[in-house]
Amino acid sequence: MTSKARLFTREKARPVLRITLFAAATLLAAALVVMVLGGYNISLAASKTFIVNSADDVDDGSCNPQHCSLREAINQSNTNGGADFIHFDIAGTTPYTISVTTNPLPIIIDPVTIDGTSEPDYVDAPIVVLDGSGAPSGYAGLHITSGSTTVTGLVIHSFIPYGILIESAGGNTIEGNFIGTDASGTIAQGNSGAGIFIDRTSNNTIGGTLGTTPGGPCTGACNLISGNAGLGVAIQG
């Protein structure tokens, strides 16, 4: 009886041990899956697209289908983690002119792609205009400190001093813009300093060859930078 009891006990103990180890392994695997998938989901949720549907420069604190200015979209992007997108869908007659007045646009402190080519009326040349003729002096049209930011498909003119200022972090891409002219690209409306000023940051890409034709018009990734009082592109440090 004793021998049988011991045998019975051992036979019962082994499955219990196996079940315990299996359960522990399953819980560990589940925890790892939750961690990986959780991080993945957080990353997906963090990246958002904000659609500018108004050419005014009003900030009522919200970017929504009823009203979203570029100012509101930048503010929302700055407070949202992840690499966001700002697209355009402005009604009316082209070009769509956003006149910056009273206050400069918010500094871009979180990576974002501002894509003027997303405007449904876009064909080959920028039609979303940032007009700084009424903006306060001492501020760039777009001021980027976030790094890893792309600006494409915009007209940027009449700011004091720069059309675009890049500092603090690199890895930015500026392509397909008219900087220092009107939307036709034929009339100078320069910024008072450089069209683009890069201050001690590296690995920035200005322009490119994608979608361009040598000797042809400035399309695709080509930037038309002209009419500015300073250098087209100034690099310091």
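Source: prediction; values computed, not measured.

Quick word on the overall build of the protein chain
Then step 1. Regarding its fold elements, the protein chain presents 2 helices and 15 strands.
Then step 2. A burial count over the protein chain gives 39% of its 237 residues as buried.
Then step 3. Sequence-distant contacts in the protein chain: of pairs separated by 6 or more residues, those separated by 24 or more amount to 69%.
Then step 4. Carbon and sulfur atoms form 60% of the exposed surface of the protein chain, whose accessible area is close to 12300 Å².

Things to note about empty space enclosed by the protein
Then step 1. Evaluation of the coordinates by the stated rule reveals 1 cavity of 30 Å³ or more.
Then step 2. There is about 40 Å³ of room inside the largest cavity.
Then step 3. Taken together, Tyr122, Asp124, Ala125, Pro126, Gly176, Asn177, Phe178, Cys218, Thr219, Gly220 and Cys222 make up the lining of the largest cavity.
Then step 4. Residue composition of the lining of the largest cavity, by class: 6 nonpolar, 4 polar and 1 charged.

Let's talk about the side chain of aspartate 110
Then step 1. Along the chain, aspartate 110 turns up in the loop between strand S3 (96-99) and strand S4 (112-115).
Then step 2. In this structure, aspartate 110 is buried with no salt-bridge partner, the nearest side chain bearing the opposite charge being lysine 48 at 11 Å.
Then step 3. Among residues more than four places away in sequence, those in contact with aspartate 110 are Ser77, Asn78, Asn80, Gly81, Gly82, Asp84, Ser146 and Thr149.

Focus on the side chain of threonine 181
Then step 1. Within the secondary structure, threonine 181 is located in the loop between strand S11 (178-179) and strand S12 (196-199).
Then step 2. Discounting chain neighbours no more than four positions away, the residues touching threonine 181 are Val155, His157, Ile187, Ala188, Gln189, Leu224 and Ser226.

What about the confidence of the model for the protein chain?
Then step 1. Per-chain confidence: the protein chain averages 85 in pLDDT, with 81% of residues scoring 70 or above.
Then step 2. For the stretch residues 1-45, pLDDT sits under 50, and the model shows 2 contacts to residues farther than four places along the chain or on other chains.

A short note on the sheet that holds strand S13 (residues 205-206)
Whenever strands of a sheet pair, they do so through backbone hydrogen bonds, lying parallel or antiparallel.
Then step 1. With parallel pairing, 6 strands are arranged side by side in an open sheet as S1-S2-S4-S7-S10-S13. Each edge of the open sheet is held by one strand with a lone partner, namely strand S1 (49-52) and S13.
Then step 2. With 3 bridges joining them, strand S7 (residues 150-152) and strand S10 (residues 173-175) adopt parallel strand pairing. Following the sheet pairing, threonine 152 is matched in S10 by glutamate 175.

Rules and cut-offs
Residues numbered from 1 in each chain as written. Predicted model: local features only at pLDDT ≥ 70, side-chain atom pairs only at ≥ 80, totals over all residues. Heavy atoms only, no water. Helix = DSSP H or I, 4+ residues; strand = E, 2+ residues; numbered from the N terminus. Buried < 20%, exposed > 50% of the residue type's maximum accessible area, 1.4 Å probe, protein only. Contact = heavy atoms within 4.5 Å. Areas by Shrake-Rupley, 256 points an atom, 1.4 Å probe, with all protein chains shown as cover. 1 Å grid on protein atoms, 1.4 Å probe; cavity = no way out; pocket = protein on both sides within 12 Å on 5 of 7 lines; lining within 4 Å. Points joined across faces, edges and corners; volume = space filled by probe spheres on them. Nonpolar A, V, L, I, M, F, W, Y, C, P; charged D, E, K, R; others polar. Lys, Arg positive; Asp, Glu negative; His and termini not counted. Salt bridge = Lys/Arg side-chain N within 4 Å of Asp/Glu carboxyl O. pLDDT = per-residue confidence, 0-100. Pairing = 2+ DSSP bridges.

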